[in-house]
There are 2 protein chains.
Amino acid sequence: MVITSLENSKVKDYVKLQQRKYRDFTNTYIIEGEHLVIEAYKAGLVKELILLDGEKVPFDIDYIYVSNEVMKKISTLDTAPTIMAVCNKSNSSDIVGDKVLLLDGIQDPGNLGTIIRSSVAFNIDTIILSENTVDLYNPKVLRATQGMYCHVNIISRDAIDAINYLKDNNYIVYGTNVNNGYDVREVDSNDKFCLIMGNEGNGVREGIQNMCDKNLYIKMNNAVESLNVGVACSILLYELGR
Amino acid sequence: MVITSLENSKVKDYVKLQQRKYRDFTNTYIIEGEHLVIEAYKAGLVKELILLDGEKVPFDIDYIYVSNEVMKKISTLDTAPTIMAVCNKSNSSDIVGDKVLLLDGIQDPGNLGTIIRSSVAFNIDTIILSENTVDLYNPKVLRATQGMYCHVNIISRDAIDAINYLKDNNYIVYGTNVNNGYDVREVDSNDKFCLIMGNEGNGVREGIQNMCDKNLYIKMNNAVESLNVGVACSILLYELGR
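Within each chain, residues carry numbers counting from 1 in the order of the written sequence. Each chain takes a letter, starting from A, and each ligand takes a number, starting from 1, following the order in which they are written. Under the rules for a predicted model, residues below a pLDDT of 70 receive no local features and side-chain atom pairs below 80 are neither given nor counted, while totals for whole chains, interfaces and linings still include all residues. As a convention, hydrogens and water are excluded, and side-chain values are obtained from all of the structure's heavy atoms.

Asker: Can you help me understand the overall build of chain A in this one?
Answerer: On a plain count of helices and strands, chain A comes out with nine helices and twelve strands. Overall, the C-alpha framework of chain A stretches about 60 × 40 × 30 Å when taken along its three principal axes. Residue burial considers only the protein chains on display, and all accessible areas are found by Shrake-Rupley using a 1.4 Å probe. A total accessible area of about 11,200 Å² is found for chain A, and carbon and sulfur atoms account for 42% of it. Within chain A, one finds 24 positive and 32 negative side-chain charges whose respective centroids are separated by 2 Å. Helical segments are the DSSP runs of H or I of at least four residues, strand segments are the runs of E of at least two, and each set is numbered from the N terminus. Here the positive residues are Lys and Arg and the negative ones are Asp and Glu; neither His nor the chain ends is included. Note on charges: their place is set at NZ of Lys, CZ of Arg, CG of Asp or CD of Glu.

Below, the structure is given as structure tokens:
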């Protein structure tokens, strides 16, 4: 059977998943396109496949066929893909491992996705998203991760609580400060650390900087006020991972 | 006098500058918002200011006042700014300085803008854009540079011609290869170099890799195929600038 009606209740539910509140309510989200679906399948996250009529069923998972028109309605892309999947959100809430990244206030979905991709590249174990950070399950974030969000433990937690926990558990906590920081090239390598990145416009909140063991910066030309936050975070992770 | 008609010939010309072919034809482009306008003014690039009716004239430059409706029509932003400027394109065509970046096929405006910002941060002297690279004067590119495009010599040239010129002039030419490259951490610092970055999906073209003195890569976790090209380029420039 192929679902062709935009009024179908399943279709309506899937369209609603474009909104964060409905993703939060159902604990599910949608990913679009073959690459993301394969990564999520390998990680055991896929609940149901949404296939364009005529496409092959790639894995032994519940699926529905839909018309092109329905696919377009559910998709957030300009060009709808031929495969999408409904996935279960992670229920992880623990900080695991020795290398932690805390993101406090990142707003741009592309930046969050890029940072997640770099975090996996540089062996981060846990990424903590504070409540004022863009939703991990925003379709633009997931796309920018290139599926790498499946390869790292990502949790939501209050920033201050997380920092207190990390300090109690002997993590070195690094903030960032573009004006008055400690050159990351001079930092000794540490087995257990947490790097904190703040909002695109404002950086790490002053109250949080005061809680950090060190505030880092990247040495650069004076003409430049700051780097893109995804770039800055990636360079810091690259250096801290030496 | 305040221009209020969307049919005004000046307004029509400015709207056309949203298209590359018209920017190429007139050798001008538009920048939006105070920060970009200030940076362009300091660099002597501003030809005419476009101000929302009632705004102060910030510099001694020709200006026009327009209505909110006209501002919205000329702007490419969701929320139109209160100040824009028509600028003259750079007429530079020479490779200057010892540190050169060649971008061959970058397609995403945000990536190009981010790379330009990082290039200034890490003291690149000349950025060469090959013909298959997104237009520097695309509004999204200019915005992502945060105005930093005014602080570096950016030229357009055929990639192969440029590489031959650089080799003849004793620049070390570095390509990139994510599968089979030379770890950038192991590279000796060089006074005269050119780094080449390729397209988001395909990387540096094989024919170009073969022309390079070395193809570099960034050591990372095997789960990750590649980094975002803006991140990868920034890390390489950061390392090569040691």
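Asker: Looking at this structure, I do not really get the pattern of salt bridges. What am I missing?
Answerer: Oppositely charged side chains are able to pair whenever their charged atoms sit close together. Salt bridge, as used here, is a side-chain nitrogen of Lys or Arg placed within 4 Å of a carboxyl oxygen of Asp or Glu. Enumeration according to the criterion identifies 18 salt bridges over all chains in this entry. With a shortest N-O distance of 3.9 Å, Glu39(A) and Lys42(A) are connected by a salt bridge. Separated by three residues within a single helix, Glu39(A) and Lys42(A) lie in helix H3 (residues 34-42), roughly one turn from each other. Across the pair Asp135(B) and Arg23(B) runs a salt bridge whose closest N-O atoms are separated by 2.9 Å. Taken together, the residues span a long stretch of sequence, with Asp135(B) in the loop between strand E7 (126-129) and helix H6 (139-145) and Arg23(B) in helix H2 (residues 20-26) at a distance of 112 residues. This pair shows no difference in class: Asp135(B) is buried, exactly as Arg23(B) is. Overlapping salt bridges bring together Arg20(A), Arg23(A), Asp24(A), Lys89(A) and Asp135(A) as one network. Only protein chains enter the accessibility calculation, which uses a 1.4 Å probe; a residue is then buried when its area is under 20% of its type maximum, exposed when over 50%, and partly exposed in between.

Asker: Is there a simple way to think about the packing of aromatic side chains in this case?
Answerer: Each aromatic ring pair is characterised by the separation of its centres together with the angle its planes make. Residue and element names in this part refer to chain A. Under the pairing criterion, centres of Phe, Tyr and Trp rings, with the six-membered ring standing for Trp, must be within 6.5 Å; the plane angle then separates stacked pairs below 30 degrees from edge-to-face pairs above 60, leaving the rest tilted. Scanning the entire structure with this criterion turns up 14 aromatic pairs over all chains. Relative to phenylalanine 25, the ring of tyrosine 22 lies with its centre 6.1 Å away and its plane at 40°, an arrangement referred to as tilted. Of this pair, tyrosine 22 and phenylalanine 25 both sit in helix H2 (residues 20-26), three residues apart, which is roughly one turn of the helix. Geometrically, the ring pair formed by tyrosine 41 and phenylalanine 59 is stacked, given 3.8 Å between the ring centres and 5° between the ring planes. Of the two residues, tyrosine 41 is situated in helix H3 and phenylalanine 59 in the loop between strand E3 (46-52) and strand E4 (63-66); the sequence distance between them amounts to 18 residues. A relative accessible area of 15% places phenylalanine 59 in the buried class. Clustering of aromatic rings is evident, with ring pairs tying together Tyr29, Tyr137 and Tyr149. The ring of tyrosine 182 carries the charged tip of lysine 214 above its face, separated from the ring centre by 4.6 Å. Counting as a charge over the ring demands two things of the Lys NZ or Arg CZ atom: a distance within 6 Å of the ring centre and an angle within 35 degrees of the ring normal.

Asker: How should I be thinking about the relation of the copies chain A and chain B in this particular structure?
Answerer: Between the two copies of the chain lies a relationship made up of a rotation around an axis and a movement along it. Least squares is used to superpose the copies, and the fit set is the C-alpha atoms of residues whose pLDDT is at least 70 in both copies. Screw-axis analysis of chain A against chain B gives a translation of 0.0 Å along the axis, an RMSD of 0.0 Å, and a rotation angle of 180°. Here the copies are linked by what is in effect a two-fold axis. Closest approach to the rotation axis within chain A is made by the C-alpha atom of Val231(A), at a distance of 2.5 Å. Contact between two residues is taken to exist if any of their heavy atoms lie within 4.5 Å; hydrogens are not considered. By residue overlap, the copies meet face to face through one surface: 100% of the interface positions of chain A are interface positions in chain B.

Asker: Can you help me understand the nonpolar core in this one?
Answerer: One recurring pattern in soluble globular proteins is that nonpolar side chains are buried together. Definition of nonpolar core: a set of buried residues of the types Ala, Val, Leu, Ile, Met, Phe, Trp, Tyr and Cys, connected through side-chain atoms within 4.5 Å. By size, the foremost hydrophobic cluster in this structure holds 112 residues, and its most contacted members are Tyr149(A) and Tyr149(B). Apart from the residues within four sequence positions on either side, Tyr149(A) is in contact with Tyr29(A), Ile31(A), Ala40(A), Leu45(A), Ile116(A), Leu136(A), Leu142(A) and Ile154(A).

Asker: I tried to follow the interface of chain A and chain B on my own but got confused; where do I start?
Answerer: By a widely used convention, the size of an interface equals the accessible area lost when the partners come together. Contacts between the two partners involve 27 residues from chain A and, on the opposite side, 27 residues from chain B. Counting each side, the surface lost to burial between chain A and chain B is near 2,300 Å², with a carbon and sulfur contribution of 61%. Here the buried area means the combined drop in accessible surface, using a 1.4 Å probe, for two parts upon being joined, counting both sides. When the buried area of chain A at its contact with chain B is split by residue, Arg117(A), Arg185(A) and Tyr238(A) rank highest and sum to 27% of it. For the pair chain A and chain B, the interface holds zero salt bridges. Contacts described as polar in this section are N or O atom pairs within 3.5 Å, which, within protein, must combine one atom able to donate a hydrogen with one able to accept it, while residues neighboring in sequence count only if both atoms come from side chains. Here chain A is connected to chain B by twelve residue pairs in polar contact (both at pLDDT 80 or more).

Asker: Before we go on, may I ask you to explain the pairing of E7(B) in this structure?
Answerer: When a strand is regular, its side chains alternate between the sheet's two faces. Residue and element names in this part refer to chain B. Side chains of E7 alternate between two faces, with Thr126 and Ile128 and Ile127 and Leu129 buried alike. Strands are treated as partners if at least two bridges between them are detected by DSSP. Where strand E6 (residues 99-103) lies against E7, four bridges are found, and the strand directions are parallel. Counted as the bridge partner of leucine 101 is isoleucine 127 from E7. The parallel pair E6 and E7 is bridged by helix H5 (residues 109-121), and the resulting crossover is right-handed. Throughout, right-handed denotes a crossover for which the path from the first strand over the helix to the second runs clockwise when the strands point away from the viewer.

Asker: What is the right way to read the environment of Ile115(B) from this model?
Answerer: All names here are of chain B. Note on placement: isoleucine 115 falls in helix H5. Given a relative accessible area of 0%, isoleucine 115 falls into the buried group. Residues isoleucine 115 and valine 231 lie 116 residues apart in sequence; the distance between their C-alpha atoms is 8.1 Å. Every residue in contact with isoleucine 115, bar those within four places of it in the chain, is listed here: Leu101, Leu103, Ile106, Val229, Gly230 and Cys233.

Asker: Hey, could you run me through the sheet that holds strand E8 (residues 153-156) of chain A in this one?
Answerer: Neighbouring strands of a sheet are bound in pairs by backbone hydrogen bonds; such pairs are parallel or else antiparallel. Strand order in the open sheet made by the seven strands is E8-E7-E6-E11-E9-E12-E10 (chain A), with parallel pairing throughout. Only two strands of the sheet have a single neighbouring strand rather than two, namely E8 and strand E10 (182-183) of chain A.

Asker: Even after reading the chapter, I still don't get the sheet that holds strand E1 (residues 2-3) of chain B, so can you show me in this structure?
Answerer: All names here are of chain B. Read across the open sheet, the five strands follow the order E1-E4-E3-E5-E2; overall the sheet is mixed. Looking at the sheet topology across the chains shown, the edges are occupied by E1 and strand E2 (28-32). Where strand E3 (residues 46-52) and strand E4 (residues 63-66) come together, four bridges link them in parallel fashion. Looking across to E4, one finds that isoleucine 50 is bridged to isoleucine 64. Lines are fitted to the C-alpha atoms to define the axes, a helix being fitted only along its stretch in contact, and any angle between axes, read from their N-to-C directions, falls within 0 to 180 degrees. Across the face of the sheet, helix H1 (residues 9-16) comes into contact with E1, E2, E3, E4 and strand E5 (83-88) while running at roughly 110° to E3. The strands touched by helix H3 (residues 34-42) are E2, E3 and E5; relative to E5, the strand with the most contacts, the crossing angle is about 35°.

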